[in-house]
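Examining the three-dimensional arrangement
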Amino acid sequence: MIAVILAGGAGTRLWPVSRELYPKPFMKLPDGQSLLQKAFLRAVKAGAREVLTVTGQEHHYSALSEYQALGLPEVQTYYIIEPLRRNTAPAIAMAALWIAERNPDELMLVLSADQLISQEEAFAQAVAQAKHPAQQGYLVTFGIQPSYPATGFGYIERGEALEGSVYQVSRFVEKPDQPTAEAYLNSGRYYWNAGIFCFKAGVYLQTLEHLQPQLYQAIQTCWQASQKGERTYLDRALFAQVPDISVDYAVMEKAPKVAVVPANFGWSDLGSWDAAAQMVPPDADGNRVLGEAVLLETKNTFVQSEDRVVAVIGASDLVIVDTRDALLVARRDSVQQVKKVVEQLAHNNHASVRRHRTIQRPWGNYVTLEEASGFKIRRVALKPGQALTNHLHHHRSEHWTVLRGTGQVWLDGQVRIIRPGESVGALAGVAHQLYNPGLLELLLIEVQTGEYLGEDDVLRLESLV
């Protein structure tokens, strides 16, 4: 069995932490792990020793870094890199094609990187139950035992029993209204649709071809033109022609052989800040705090702060999320409307929709501390053994001062070692490259000066490392 992790969701309801370049799967939870890391560990716990991640081209290196931080080199990792979003049916199909080229009868366990499952052992047991019907040609999904009449989830109605506690699926139903949800809960035949699947790669492809021939052909055409390997890069022009459709609509709701494994493994889709707040233990007044906060005469309020103290006085039932460049304040019963805030900001092309001030790169990260006409100041962190590209700028000069670690700089053909407190600068038109030869992170301040500081003012040269 190979695990397929879908890591492409936007998570707009978790803005301002979740952004286009730092989406929900990469958010750090209170225990320090991201949702993506938890999905990876969950797959390993369920028996997978190979993990195929489908993600965007802007998130590929972040996913690689997240996996490396877990320290599990015995688990083989592969990537399918999407040039743009096309929903879950195409993403799973691309993964199935990758697997089927090795063995069409291999099982694939499809996980979403934006969900939280707290009971890993129970999840592994549910996967073990799904394997046999999947081997018999069923498309197996997992249904969560509902604990309340939720109107925000899709439901699965079970049919006849197959084996043990596995059932045929009678039907999938959309998000119900409140009376319908209560009837579903009372009947005992309905489960929340978890969006987790187990099936043979070949069975999924055959079913897709039968039910959605045009979609299947578009996916096949794109696949044949893509660069395949441990990192598969999908062809951008052809992938743009693939219909945007979910796996439920395209396949699961119409397929003739679909089974459901009822489960209760602490599933949550973390679809809002109110749900995310439940992960933090409350104090005596029902307040939950991540970061530094002072709360006076305040009840049932969630505060998350990155790097400054938040003071709240005389409030109740609020969600407050503070980042370096954006602040969210909302009533707990209105947090679903955060998506509308993001839509309005996107309409105005506001930078906070797309990126944080801290930008992740394969070599490390940087955060813009200050920017004004003629200058920009950044804090740059370079991982051990990593290097910036050898490059020059036509319109700006750069000056680096080391705060921590040791750097090796090639400056117009000359090599220099710089240590904490030391500086080096490169004028416009001068080629330069920075490398971290040490075992610790290299931290430095970068000052850019010039009339034009755009990211497109760069000429990349052959690396000297």
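Provided above is the structure to which this section pertains.
Below: a short report on this structure. (Residues numbered from 1 in each chain as written. Predicted model: local features only at pLDDT ≥ 70, side-chain atom pairs only at ≥ 80, totals over all residues. Heavy atoms only, no water.)

Here we come to the sheet that holds strand 17 (residues 318–322). Spatial strand order, 13-15-17-18: four strands in an open sheet with mixed pairing. At either margin of the open sheet sits one strand with a lone partner, and together these are strand 13 (288–290) and strand 18 (327–331). Within the sheet, the average angular offset between the axes of one strand and its neighbour, ignoring direction, is 5°. Looking at chain direction, strand 17 and strand 18 are connected through five bridges and run antiparallel. Following the sheet pairing, valine 321 is matched in strand 18 by leucine 328. (Pairing = 2+ DSSP bridges. Helix = DSSP H or I, 4+ residues; strand = E, 2+ residues; numbered from the N terminus. Axes fitted to C-alpha atoms, helices over the stretch in contact; angles between N-to-C directions.)

Before going further, it helps to spend a moment on the packing of aromatic side chains. Scanning all chains against the criterion turns up 16 aromatic pairs. Taking 6.3 Å as the distance between ring centres and 25° as the angle between the ring planes, the aromatic pair formed by tyrosine 67 and tyrosine 79 counts as stacked. Residue tyrosine 67 is found in helix 2 (residues 60–70), and its partner tyrosine 79 is found in strand 3 (residues 76–82); the two are separated by 12 residues along the sequence. For the pair tyrosine 67 and tyrosine 79, one class covers both residues: buried. Measuring from ring centre to ring centre gives 6.5 Å for tryptophan 363 and tyrosine 366, while their planes differ by 20°; the resulting arrangement is stacked. Classification of tryptophan 363 by relative accessible area gives buried; the value is 17%. Taken together, the ring pairs in this structure connect Tyr148, Phe153, Trp192 and Trp267 into an aromatic cluster. (Phe/Tyr/Trp six-rings, centres within 6.5 Å; stacked < 30°, edge-to-face > 60°. Buried < 20%, exposed > 50% of the residue type's maximum accessible area, 1.4 Å probe, protein only.)

A contiguous nonpolar patch, built from Val294, Leu296, Val309 and Ile313 and spanning about 380 Å² of accessible area, is present on the exposed surface. Looking at the element boundaries, leucine 296 is found in strand 14 (residues 293–296). (Patch = residues over 30% accessible without salt bridge, like charges linked within 9 Å, V, L, I, M, F, W, Y side chains within 5 Å. Areas by Shrake-Rupley, 256 points an atom, 1.4 Å probe, with all protein chains shown as cover. Salt bridge = Lys/Arg side-chain N within 4 Å of Asp/Glu carboxyl O.)

Let us now look at the packing of helix 6 (residues 201–211) against helix 7 (residues 213–225). Helix-helix packing is characterised by the crossing angle of the two axes and by the distance between the axes. Two elements in contact, helix 6 and helix 7, have axes separated by 5 Å at closest approach and are oriented at 125°. Taken together, helix 6 and helix 7 sit at an angle that is classed as oblique. Facing Leu205, Leu208, Glu209, His210 and Leu211 of helix 6, the residues of helix 7 in contact are Pro213, Leu215, Tyr216 and Ile219. (Parallel < 35°, antiparallel > 145°, perpendicular 65-115°, else oblique. Contact = heavy atoms within 4.5 Å.)

Moving on: helix 3 (residues 88–100). Helix length check: helix 3, at 13 residues, gives a terminal C-alpha distance of 18 Å against a target of 18 Å (1.5 Å per residue), a fit within 8%. Where burial is concerned, most of helix 3 is hidden: 11 out of the 13 residues are buried. Where helix 3 is concerned, the buried positions are Ala89, Pro90, Ala91, Ile92, Ala93, Met94, Ala95, Ala96, Leu97, Trp98 and Ile99. (Expected span 1.5 Å × (residues − 1).)

Residues of helix 6 that are buried include every one of Ala201, Gly202, Val203, Tyr204, Leu205, Thr207 and Leu208, and no others. As for helix 6, its buried residues are in contact with helix 3, strand 4 (107–112), strand 6 (139–144), strand 9 (190–200), helix 7 and helix 9 (247–252).

What follows is about the pairing of strand 24 (residues 407–411). Across the five residues that make up strand 24, a large majority, four, are buried. Pairing of strand 24 with strand 25 (residues 414–418), which is carried by five bridges, proceeds in the antiparallel orientation. Considered in strand 25, the bridge of glycine 407 is made with isoleucine 418. Linking strand 24 to strand 25, which pair antiparallel, is a turn of two residues; within it aspartate 412 sits at a positive phi near 55°. Sheet topology note: the strand 24/strand 27 (residues 432–435) ladder contains four bridges and is antiparallel. Within the sheet, the bridge partner assigned to valine 409 lies in strand 27 and is leucine 434.

At a minimum axis separation of 9 Å, helix 3 and helix 6 run at an interaxial angle of 130°. By the angle class used here, helix 3 and helix 6 are oblique. Relative to helix 6, helix 3 is oriented so that their crossing is left-handed. Contacts between helix 3 and helix 6 pair Ala89, Ile92, Ala93, Ala96, Leu97, Ile99 and Ala100 from the former with Ala201, Tyr204, Leu205 and Leu208 from the latter. Considering only residue class, the contact of helix 3 with helix 6 consists of 11 nonpolar, no polar and no charged. (Left-handed = near helix turned anticlockwise from the far one by under 90°. Nonpolar A, V, L, I, M, F, W, Y, C, P; charged D, E, K, R; others polar.)

Without other data, these values stay purely geometric and don't point to any function.
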